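One letter stands for each residue in the lines below.
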Amino acid sequence: PIDPQFEENKEHAGEENGVDVWGPTDPPEELGIHGTHVAVDYDICIGDGACLEDCPVDVFTWVDTPGHPESEIKAEPTHEAQCIDCMLCVDVCPVDAIDVDPG
Ligand code: SF4
Ligand code: F3S
């Protein structure tokens, strides 16, 4: 599962699609964690899509990740600022790739 302490255990590696990326990263095989309030571990995500379908406020958008060993699409928390902390995405992700920190 995603490490909920990623902000301490990983390094801020930049930004993609307006979302923070936590590394190390080594694309295309190692993509790190995307997002902070709503965080998706791209190296765990299998592109299931339950988060994207179930989020009541449409936080997630698909991005292509060609060459990644787990899946070639990932859910980007593009609109994480809209999150209402319902925790649905955390519950429905089959591989526990998502951490939401209500802070
Ligand atoms: Fe969407 Fe709820 Fe997940 Fe926030 S916690 S991203 S509102 S499903
Ligand atoms: Fe990925 Fe889990 Fe969503 S596998 S697409 S983060 S439901």
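Residues numbered from 1 in each chain as written. Chains lettered and ligands numbered in written order. Predicted model: local features only at pLDDT ≥ 70, side-chain atom pairs only at ≥ 80, totals over all residues. Heavy atoms only, no water.

**Student:** Looking at this model, I keep getting lost on the side chain of E80. Mind explaining?
**Tutor:** With respect to the element layout, E80 can be found in the loop between β6 (73-76) and α3 (88-92). Although E80 is buried, it forms no salt bridge, and the closest oppositely charged side chain is K10 at an N-O distance of 16 Å. Among the polar contacts listed, one links the side chain of E80 to the backbone nitrogen of V38, at a separation of 3.1 Å. Beyond its immediate stretch of four places on either side in the chain, E80 contacts V19, G35, T36, H37, V38 and V59. (Helix = DSSP H or I, 4+ residues; strand = E, 2+ residues; numbered from the N terminus. Buried < 20%, exposed > 50% of the residue type's maximum accessible area, 1.4 Å probe, protein only. Lys, Arg positive; Asp, Glu negative; His and termini not counted. Salt bridge = Lys/Arg side-chain N within 4 Å of Asp/Glu carboxyl O. Polar contact = N/O pair within 3.5 Å; in protein donor to acceptor, adjacent residues only side chain to side chain. Contact = heavy atoms within 4.5 Å.)

**Student:** Can you walk me through the sheet that holds strand β4 (residues 38-41) in this structure?
**Tutor:** The pairing of strands in a sheet happens through backbone hydrogen bonds and is either parallel or antiparallel. Read across the open sheet, the five strands follow the order β1-β2-β3-β4-β7; overall the sheet is antiparallel. A single partner strand is all that each edge strand has here, and the edge strands are β1 (11-16) and β7 (98-100). Across two bridges, the pairing between strand β2 (residues 19-23) and strand β3 (residues 33-34) is antiparallel. By the bridge assignment, W22 is partnered in β3 with I33. (Pairing = 2+ DSSP bridges.)

**Student:** Mind showing me how you'd approach the nonpolar core here?
**Tutor:** Within soluble globular proteins, side chains that are nonpolar tend to cluster in buried spots. In this structure, V38, F60 and I98 are the most contacted members of the largest nonpolar core, which totals 18 residues. Secondary-structure elements contributing two or more residues to this core are β4 and β7. Leaving out residues up to four positions away in the same chain, I98 has contacts with I2, V38, A39, V40, C51, F60, C89, V90 and C93. Counting residues in hydrophobic clusters, the runner-up holds five residues, among them I2, W22, I33 and A39. (Core = buried A, V, L, I, M, F, W, Y, C linked by side-chain atoms within 4.5 Å.)

**Student:** Explanation requested: the site of ligand 2 in the structure shown.
**Tutor:** Surveying the vicinity of ligand 2 reveals 13 residues, the closest of which are C45, I46, G49, C51 and C93. Of the residues that constitute the shell around ligand 2, the class distribution is ten nonpolar, two polar and one charged. (Near = heavy atom within 4 Å. Nonpolar A, V, L, I, M, F, W, Y, C, P; charged D, E, K, R; others polar.)

**Student:** Help me out: how do you make sense of the site of ligand 1 in this one?
**Tutor:** Taken together, 14 residues are adjacent to ligand 1, and C55, C83, C86, M87 and C89 come closest. When the residues that make up the shell around ligand 1 are grouped by side-chain class, the tally is 13 nonpolar, no polar and one charged.

**Student:** Teacher, can you tell me more about unusual backbone geometry here?
**Tutor:** Among all residues save glycine, negative phi is the norm, and among peptide bonds the norm is trans. A cis amide bond links G23 to the next residue, P24, at an omega of 15 degrees. Along the chain, P24 falls in the loop between β2 and β3. Cis geometry is adopted by the peptide bond preceding P28, which originates at P27 and carries an omega value of 5 degrees. Checked against the element boundaries, P28 lands in the loop between β2 and β3. Of note, the phi angle at M87 is positive, near 70 degrees, even though the residue is not glycine. Within the fold, M87 resides in the loop between β6 and α3. Residue M87 is classed as partly exposed on the basis of its relative accessible area of 25%.

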